[in-house]
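# Observations on the model geometry
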Amino acid sequence: MGTEVSGFSQINLIVRDMDKALAFYRRLGLTIDAEPGSEHVGVTFPNGMSIDLDSVGFVPMWDSAWKGATGGSTVLGFSVLSREAVDDLYATLTRDGYVGRQQPYDSFFGARYAMVEDPDGNPVGLMSPRDLERNTWPPSPPPSGP
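Residues numbered from 1 in each chain as written. Predicted model: local features only at pLDDT ≥ 70, side-chain atom pairs only at ≥ 80, totals over all residues. Heavy atoms only, no water.

Take the environment of tyrosine 98 next. On the secondary structure map, tyrosine 98 appears in the loop between helix 2 (83-95) and strand 5 (100-106). Judged by its relative accessible area of 18%, tyrosine 98 falls in the buried class. For the pair tyrosine 98 and serine 55, spaced 43 residues apart in sequence, the C-alpha to C-alpha distance is 20 Å. Setting aside residues up to four positions removed in sequence, tyrosine 98 forms contacts with Lys20, Ala23, Phe24, Leu93, Glu117 and Pro119. Within the local environment of tyrosine 98, its side chain forms a polar contact with the backbone nitrogen of phenylalanine 24, the two atoms lying 3.4 Å apart. (Helix = DSSP H or I, 4+ residues; strand = E, 2+ residues; numbered from the N terminus. Buried < 20%, exposed > 50% of the residue type's maximum accessible area, 1.4 Å probe, protein only. Contact = heavy atoms within 4.5 Å. Polar contact = N/O pair within 3.5 Å; in protein donor to acceptor, adjacent residues only side chain to side chain.)

See below:
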């Protein structure tokens, strides 16, 4: 039997308030072409991956078994250009009222890392390029508190 899955291409987020979700992801730095009140919005990255946002009212158009949940425990990871940019973006997003989940820190895996939550409670990771010389083992817990 051959490979049935040819790749991973998309994350689809169900959002309670599309305009708030769009404001967050635009503030994060994504270029999004969408009208206020849109029911479905897609963003495709240069590597072919996409994030699609669907309003709760639109979900039944493609998922008849949907039970109404939004947000979750899947972390959406975004690459940030530098270690300093992780700190700056985290500070900007939390200053703008978004929930800080993990304050920036130098991680055991060699990157500067932080987490915020989007308006639906989805964890969003902000990660600088890894510097293998900063890898440490065994890992120690990150600093607590946002």
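Enumeration over the complete set of coordinates arrives at 7 salt bridges. Among the ionic pairs, aspartate 96 bridges to arginine 27, the shortest N-O distance being 2.6 Å. With a gap of 69 residues between them, aspartate 96 in the loop between helix 2 and strand 5 and arginine 27 in helix 1 (residues 18-28) connect regions that are remote in the sequence. What emerges from the salt-bridge pattern is a single network uniting Arg83, Asp87, Asp106 and Arg112. (Salt bridge = Lys/Arg side-chain N within 4 Å of Asp/Glu carboxyl O.)

Below, the discussion takes up the packing of aromatic side chains. Scanning the model with the defined rule gives 7 aromatic pairs in all. Between phenylalanine 24 and tyrosine 98 the ring centres are 4.8 Å apart and the planes differ by 75°, which places this aromatic pair in the edge-to-face class. Here phenylalanine 24, found in helix 1, pairs with tyrosine 98, found in the loop between helix 2 and strand 5; they are 74 residues apart in sequence, far enough to count as distant. On the accessibility criterion, phenylalanine 24 (0% relative accessible area) is buried. In this structure an aromatic cluster arises from ring pairing among Phe24, Tyr25, Phe45, Phe78 and Tyr98. (Phe/Tyr/Trp six-rings, centres within 6.5 Å; stacked < 30°, edge-to-face > 60°.)

It is worth spelling out helix 2 at this point. An α-helical segment advances 3.6 residues per turn. Residues three or four places apart therefore align on the same side. For helix 2, spanning 13 residues, the distance from its first C-alpha to its last is 19 Å, which sits close to the expected 18 Å at 1.5 Å a residue. Here helix 2 has its buried residues at Arg83, Val86, Leu89, Tyr90, Thr92 and Leu93. Of the surrounding secondary structure, the elements contacted by the buried residues of helix 2 are helix 1, strand 5, strand 6 (112-117) and strand 7 (123-127). Just downstream of helix 2 lies glycine 97, where phi reads positive at about 100°. (Expected span 1.5 Å × (residues − 1).)

Glancing now at helix 1. Buried within helix 1 are the following residues: Met18, Ala21, Leu22, Phe24, Tyr25 and Leu28. Along helix 1, the residues classed as buried sweep out an arc of 160° about the axis, all on the same side. Here helix 1 starts with a cap whose side-chain oxygen sits 3.1 Å from the backbone nitrogen of aspartate 19, and that cap is aspartate 17. One or two positions beyond helix 1, positive phi appears at glycine 29, with a value near 125°. (Arc of directions from axis to C-beta.)

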